[in-house]
Amino acid sequence: METLFVGTNVIFLPEVDSTNSYAIGLLKNVNLPEGTLIHTAHQTAGKGQRGNVWNTLPYSNITASVVLRPTFLEVKKQFFLYQVAALACYDVLSQILDSGQYDIKIKWPNDILVNNLKIAGILIENIINGNSIAHSIIGIGMNVKQREFVTGVNATSLELLTGQNYKLDDVLGRLCSQLEKSYLLLKQGAEEQLQARYYQNLLGINTIREFDLAERRIRLMVKGTSPDGFLLLADEEGVERKFDVQEIKWVL
Ligand code: BTN
């Protein structure tokens, strides 16, 4: 792997409930080197955002967690880690897919879409120590080879999109390398640069979109995200409000 530390130490598990849970369990007893990559061929109880399950076909997709130690990052800025991970996924997909044909977007907070279909999801679990993040477990699920999805699930995979074959190890290697690059930018304090790139590729940025808020359908302009992870939306008068992932839903 052509990286400095992400993916240098690798733990491959033929089968595991969740790579994120495995990493958290291991960190209770072992001091894993920063960048440790834990991945599996068969994740049996994958965790998604908001307590959802992440279902994935065995031997078909990337199910991986990378252990980082962002002790430099204030807890209230932890959404930058989502930006780092989302940009890593975005960069890998744009290396592989022809930009003229495929529209790759980051859908706040943690989905990566290609032509409006979900291709990857991110679940970050942080171990907080006082005011700093002792460990961050960056969990990434990316659909690579799976060609069938449950009806009603708006998902896709690299192979479904292009009809070509991809090697999981190759995609995983690219992911480690891009994750390291984005993470090092954050570590060097290039927060504005990261934010700008995240906004550039954020679904709906500076356009009016429909959302479901409680029982109401509303139309608001997407302005960006806050460092603590809220979506910033503006009304017709330009008044901005922060929305939590629990309260608002995209209408696609
Ligand atoms: C989502 O979109 O809801 C987030 C999905 C995250 C799935 C990945 S797969 C590897 C890692 N281990 C888990 O249990 N979940 C994440």
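For the structure itself, consult the block above.
Residues numbered from 1 in each chain as written. Predicted model: local features only at pLDDT ≥ 70, side-chain atom pairs only at ≥ 80, totals over all residues. Heavy atoms only, no water.

Novice: Quick question: what am I supposed to make of the site of the ligand here?
Specialist: Ser18, Thr19, Lys47, Gln49 and Lys118 are the nearest of the 21 residues found near the ligand. Within the side chain of Thr19, one N or O atom sits 3.1 Å away from a nitrogen atom of the ligand. One of the backbone N or O atoms of Lys47 is found 2.7 Å from an oxygen atom in the ligand. In isolation the ligand offers 420 Å² of accessible surface; the protein chains occlude 97% of this area. The site holding the ligand turns out to be the largest pocket. Those elements giving two or more residues to the shell around the ligand turn out to be helix 1 (19-27), strand 3 (46-47), strand 5 (62-68), strand 8 (117-129) and strand 9 (132-142). (Near = heavy atom within 4 Å. Polar contact = N/O pair within 3.5 Å; in protein donor to acceptor, adjacent residues only side chain to side chain. Areas by Shrake-Rupley, 256 points an atom, 1.4 Å probe, with all protein chains shown as cover. 1 Å grid on protein atoms, 1.4 Å probe; cavity = no way out; pocket = protein on both sides within 12 Å on 5 of 7 lines; lining within 4 Å. Sits in = over half its atoms within 2 Å of the grid points. Helix = DSSP H or I, 4+ residues; strand = E, 2+ residues; numbered from the N terminus.)

Novice: Is there a simple way to think about helix 5 (residues 191-200) in this case?
Specialist: Three or four residues apart is the spacing at which side chains of an α-helix point the same way, because the helix has 3.6 residues per turn. Considered for burial, the residues of helix 5 that qualify are Leu194, Tyr198 and Tyr199. Seen end-on, helix 5 carries its buried residues on one side only, within an arc spanning 135 degrees. Opposite the buried face of helix 5, at more than 90 degrees from it, the exposed residues are Glu192 and Gln200. In the core, the buried residues of helix 5 are packed alongside helix 2 (79-96), strand 6 (104-107), helix 4 (168-187) and strand 11 (216-225). (Buried < 20%, exposed > 50% of the residue type's maximum accessible area, 1.4 Å probe, protein only. Arc of directions from axis to C-beta. Contact = heavy atoms within 4.5 Å.)

Novice: I tried to follow the sheet that holds strand 13 (residues 240-243) on my own but got confused; where do I start?
Specialist: The pairing of strands in a sheet happens through backbone hydrogen bonds and is either parallel or antiparallel. In space, the five strands of this open sheet follow the order 13-12-11-10-14, with antiparallel pairing throughout. Edge positions in the sheet fall to strand 13 and strand 14 (248-250), since each has one partner strand and no second. Geometrically, the sheet is characterised by an average inter-axis angle of 50 degrees between neighbouring strands, direction not taken into account. Alignment of strand 12 (residues 231-234) against strand 13, held across four bridges, turns out to be antiparallel. Residue Leu231 lies in a different strand from strand 13, and its bridge partner there is Phe243. (Pairing = 2+ DSSP bridges. Axes fitted to C-alpha atoms, helices over the stretch in contact; angles between N-to-C directions.)

Novice: I'm lost on empty space enclosed by the protein in this one. Help?
Specialist: The gaps of empty space that remain are located by a probe, the size of a water molecule, rolled over the atoms. Scanning all chains against the criterion turns up two cavities of 30 Å³ or more. Of the volumes computed, that of the largest cavity is approximately 50 Å³. In this structure, the largest cavity is lined by Leu37, Ala64, Ser65, Val66, Ile138, Ile140, Leu172, Leu175, Cys176 and Leu179. Those elements that place two or more of their residues in the lining of the largest cavity are strand 5, strand 9 and helix 4. When residues in the lining of the largest cavity are grouped by element, the largest group, four residues, is from helix 4. A class-by-class count of the residues in the lining of the largest cavity yields nine nonpolar, one polar and no charged. Here the second largest cavity is characterised by a volume of approximately 30 Å³. (Points joined across faces, edges and corners; volume = space filled by probe spheres on them. Nonpolar A, V, L, I, M, F, W, Y, C, P; charged D, E, K, R; others polar.)

Novice: What should I look at first to understand the sheet that holds strand 9 in this one?
Specialist: Pairing is mixed in the open sheet, where seven strands are placed in the order 1-2-5-9-8-7-6. One side of each edge strand has no neighbouring strand; the edge strands of this open sheet are strand 1 (10-16) and strand 6. The average angle at which neighbouring strand axes cross in this sheet is 20 degrees, direction not considered. Here four bridges tie strand 6 to strand 7 (residues 111-114), and the two strands are oriented antiparallel to one another. Bridge pairing in strand 7 links Lys105 to Leu113. In the packing of helix 1 onto the sheet, contacts are made with strand 1, strand 2 (37-43), strand 5, strand 8 and strand 9, and the angle to strand 9 comes to roughly 155 degrees. Where helix 4 meets the sheet, its contacts fall on strand 2, strand 5 and strand 9, and the angle it forms with strand 5 comes to roughly 30 degrees.

Novice: What exactly am I supposed to notice about the packing of helix 2 against helix 4 here?
Specialist: The relative placement of two packed helices comes down to the angle between their axes together with the axis-to-axis distance. Interhelical geometry of helix 2 versus helix 4 gives an angle of 135 degrees and a closest axis separation of 8 Å. With respect to helix 4, the axis of helix 2 lies oblique. In this structure, helix 2 meets helix 4 at a crossing whose hand is right-handed. From helix 2, Phe80, Leu81, Val84, Ala85, Leu87, Ala88, Cys89, Asp91, Val92, Gln95 and Ile96 reach across to helix 4, where they touch Val171, Arg174, Leu175, Gln178, Leu179, Ser182, Tyr183 and Leu186. Across the contact of helix 2 with helix 4, the residue classes break down as 14 nonpolar, three polar and two charged. (Parallel < 35°, antiparallel > 145°, perpendicular 65-115°, else oblique. Left-handed = near helix turned anticlockwise from the far one by under 90°.)

Function cannot be inferred from these measures alone, as they are strictly geometric.
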